[in-house]
4 protein chains.
Amino acid sequence: MSQSASGLQKALAAAFAKAEALGVAVNIAVVDGGGNLAAFLRMPGAFLASTDIAIDKAWTANSFGMSTAAFSQMLEGEVAPVREGLLRRPRVTVIPGGLPVRQDGQLIGGIGVSGASAAQDEEIAMCGLKALLES
Amino acid sequence: MSQSASGLQKALAAAFAKAEALGVAVNIAVVDGGGNLAAFLRMPGAFLASTDIAIDKAWTANSFGMSTAAFSQMLEGEVAPVREGLLRRPRVTVIPGGLPVRQDGQLIGGIGVSGASAAQDEEIAMCGLKALLES
Amino acid sequence: MSQSASGLQKALAAAFAKAEALGVAVNIAVVDGGGNLAAFLRMPGAFLASTDIAIDKAWTANSFGMSTAAFSQMLEGEVAPVREGLLRRPRVTVIPGGLPVRQDGQLIGGIGVSGASAAQDEEIAMCGLKALLES
Amino acid sequence: MSQSASGLQKALAAAFAKAEALGVAVNIAVVDGGGNLAAFLRMPGAFLASTDIAIDKAWTANSFGMSTAAFSQMLEGEVAPVREGLLRRPRVTVIPGGLPVRQDGQLIGGIGVSGASAAQDEEIAMCGLKALLES
């Protein structure tokens, strides 16, 4: 994985700062291209159930190479067995807030945020992603 | 299981060639009549989440002796407790792309493909099945 | 949990700096008093298997309120059914490198490090713990 | 992962040919650098229990960046809590027959063989590894 340990910390810090600015408490997760946990931070007061949701958002975004929001939209166009079949898979989630991480066009991981509104989660994840790619 | 090791390799190769011809990246899995993994191949770039889905398609097709597409249709005609009860079982999937393997009318396994569209997955699985039966 | 998000980041940063100074690549995990993941960082090149081991060290240290090294020693003095019974529990580990987190005498979490030698893991965890308590 | 789909098939074929020459039936597994299954083949008659053992050998070799035989020897030199603690981890195995896959010095996966004697398993895995690296 090309994500350096300092890059990962900058991603957590940037997402954390954004969440604080928005006045929300969230969980922030990054997985590598193999779907393995690379970095995680839970802000005090963040929903406990969102811990795994944030990790699964990152995992899903990396697994399908698209945001969980785009994945959700794509499923809308699928026939029921495919849509339902995919939604029932462990770890697969369509909750917005998961983004793929790409470097030089190569999929190298995913970042997921959970705990605020869908729009806020995605906005915070975008901040984390930007910091990760600039690091 | 009657599936020979060389037959399994030919099945993987035929499915792989078909996927390449279609320009898609997929996971290909074969299970024996006991539901145990017999052969597997993941093409680089195939959705990571599709690894287990391909195996579960093969497992489901062998478990019920019909394609996952036919199984999905069959469930439509069932009462809710049966349909929901079956769909909630681990490993059971209704996503098309899983086919039963029959030799002389005998169910001897399943093949599953995952990573492309439902129609492509099934088309690729069909190629693998054909190679397996001819071997 | 009293651990602030910035304190958690300082703990990851301090443990990471120590690991770099020692020339080793490790996984660093912090859990809160409920045993839930609070922060995590995997350094590139760290053993993949150590991801869960680091989390389980933190979980075990918090669960029993003592370091995993002390827990291991305590088990030595136990009768076999207790020792074996505890060792067979999921998530329970006796590998050194897990430390409890206490604030004003109150158990509020655990920190675990995995990927280097047992002595190095514990030394790195100690650095992370110190940064967490000073923050 | 740099392992191409054709390279993976050549690895399975080379290991299979070696096992046939030795007159044994084995399971052959390859995982990528993220520990995810990349290729698998079970020869008819191979021990059913060896299916997962082969996969876990590949997983362990990739997780620790060394052969399962070397990992086993390394554990001999460890204190009991570390040795016992690691041996109790899910998926971790010290049974010989698992080898790391390195490309240009970079760890990119693992290959595992199970079903024959420890020496034969490792010899077969070596053949698969050689074919993978030459492809």
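Higher on the page you've got the structure.
A brief look at the structure comes next. (Residues numbered from 1 in each chain as written. Chains lettered and ligands numbered in written order. Predicted model: local features only at pLDDT ≥ 70, side-chain atom pairs only at ≥ 80, totals over all residues. Heavy atoms only, no water.)

When its secondary structure is counted, chain A shows five helices and four strands. Along chain A, from the amino end to the carboxyl end, the secondary structure elements read α-β-β-α-α-α-β-β-α. Taken over C-alpha atoms, the radius of gyration comes to 14 Å for chain A, in line with the 14 Å a tight globule of 135 residues would show. Seen through its principal axes, chain A has C-alpha atoms that stretch 40 × 35 × 20 Å. If you take every contact in chain A between residues at least 6 apart in sequence, the share linking residues at least 24 apart comes to 64%. Within the structure as shown, chain A displays about 5100 Å² of accessible surface, and the carbon and sulfur contribution to it stands at 55%. With 10 positive and 12 negative side-chain charges, chain A shows a separation of 2 Å between the mean positions of the two kinds. (Helix = DSSP H or I, 4+ residues; strand = E, 2+ residues; numbered from the N terminus. Rg over C-alpha atoms; globule rule 2.2 N^0.38 Å. Contact = heavy atoms within 4.5 Å. Areas by Shrake-Rupley, 256 points an atom, 1.4 Å probe, with all protein chains shown as cover. Lys, Arg positive; Asp, Glu negative; His and termini not counted. Charge placed at Lys NZ, Arg CZ, Asp CG, Glu CD.)

So, about the sheet that holds strand β4 (residues 106–114) of chain A. Spatially, the eight strands line up as an open sheet ordered β3(A)-β4(A)-β1(A)-β2(A)-β2(C)-β1(C)-β4(C)-β3(C), and their pairing is antiparallel. The two strands at the open ends of the sheet, each matched to only one other strand, are β3 (98–103) of chain A together with β3 (98–103) of chain C. Pairs of neighbouring strands in the sheet enclose a mean axial angle of 20°, with direction left out of account. The sheet contact formed by β3 of chain A and β4 of chain A spans six bridges and is antiparallel. Across the sheet, Gln-103 of chain A pairs through a bridge with Gln-106 of chain A, a residue of β4 of chain A. In the packing of helix α5 (residues 118–134) of chain A onto the sheet, the strands contacted are β1 (27–32), β3 and β4 of chain A, and the crossing angle to β3 of chain A comes to about 15°. Where helix α5 (residues 118–134) of chain C meets the sheet, its contacts fall on β1 (27–32), β3 and β4 (106–114) of chain C, and the angle it forms with β3 of chain C comes to roughly 15°. (Pairing = 2+ DSSP bridges. Axes fitted to C-alpha atoms, helices over the stretch in contact; angles between N-to-C directions.)

Moving on to the interface of chain C and chain D. Where the parts come together, the accessible area they lose is often given as the size of the interface. The interface is formed by 15 residues belonging to chain C together with 13 residues belonging to chain D. Counting the contacts that link chain C with chain D gives two salt bridges. Its salt-bridge partner being Asp-56 of chain C, residue Arg-89 of chain D comes within 3.0 Å of it at the nearest N-O pair. Scanning the region where chain C abuts chain D turns up three residue pairs in polar contact (both at pLDDT 80 or more). Secondary-structure elements contributing two or more residues to the side of chain C that touches chain D are α2 (50–64) and α4 (80–87) of chain C. With three residues, the top contributor of residues to the side of chain C that touches chain D is α2 of chain C. (Salt bridge = Lys/Arg side-chain N within 4 Å of Asp/Glu carboxyl O. Polar contact = N/O pair within 3.5 Å; in protein donor to acceptor, adjacent residues only side chain to side chain.)

For the pair chain C and chain D, the relating rotation is 89°, the translation along its axis is 1.4 Å, and the fit reaches an RMSD of 0.1 Å. Here the copies are linked by what is in effect a four-fold axis. Residues of chain C ranked by C-alpha distance from the rotation axis are headed by Arg-88 of chain C, positioned 5.5 Å from it. The two copies present different faces, since only 7% of the interface residues in chain C are matched by interface residues at the equivalent positions in chain D. (Least-squares fit on C-alpha atoms with pLDDT ≥ 70 in both.)

This brings us to the packing of helix α3 (residues 68–76) of chain B against helix α4 (residues 80–87) of chain B. Residues and elements named next belong to chain B. Between α3 and α4, the least distance of the axes is 9 Å, while the angle of their chain directions is 145°. Facing Phe-71, Leu-75 and Glu-76 of α3, the residues of α4 in contact are Arg-83, Leu-86 and Leu-87. Of the residues assigned to the contact of α3 with α4, the class counts are four nonpolar, no polar and two charged. (Nonpolar A, V, L, I, M, F, W, Y, C, P; charged D, E, K, R; others polar.)

Let's shift gears to the interface of chain C and chain A. With 22 residues of chain C in contact, the opposing surface of chain A contributes 22 residues. Buried surface at the junction of chain C and chain A, both sides included, amounts to about 1700 Å², of which 61% is carbon and sulfur. When the area that chain C buries against chain A is broken down by residue, the three leading residues are Gln-9, Leu-37 and Arg-42 of chain C, summing to 31%. Run the count over chain C and chain A and you get two salt bridges. Arg-42 of chain A is paired through a salt bridge with Asp-32 of chain C; the nearest N and O atoms lie 2.8 Å apart. Inspection of the region where chain C meets chain A yields nine residue pairs in polar contact (both at pLDDT 80 or more). By residue class, the composition of the side of chain C that touches chain A is 14 nonpolar, six polar and two charged. Inspection of the sheet shows strand β2 (residues 37–42) of chain A paired to strand β2 (residues 37–42) of chain C by three bridges, in the antiparallel sense. If you follow Ala-39 of chain A over to β2 of chain C, its bridge partner there is Leu-41 of chain C. (Buried area = accessible area lost by both parts, 1.4 Å probe.)

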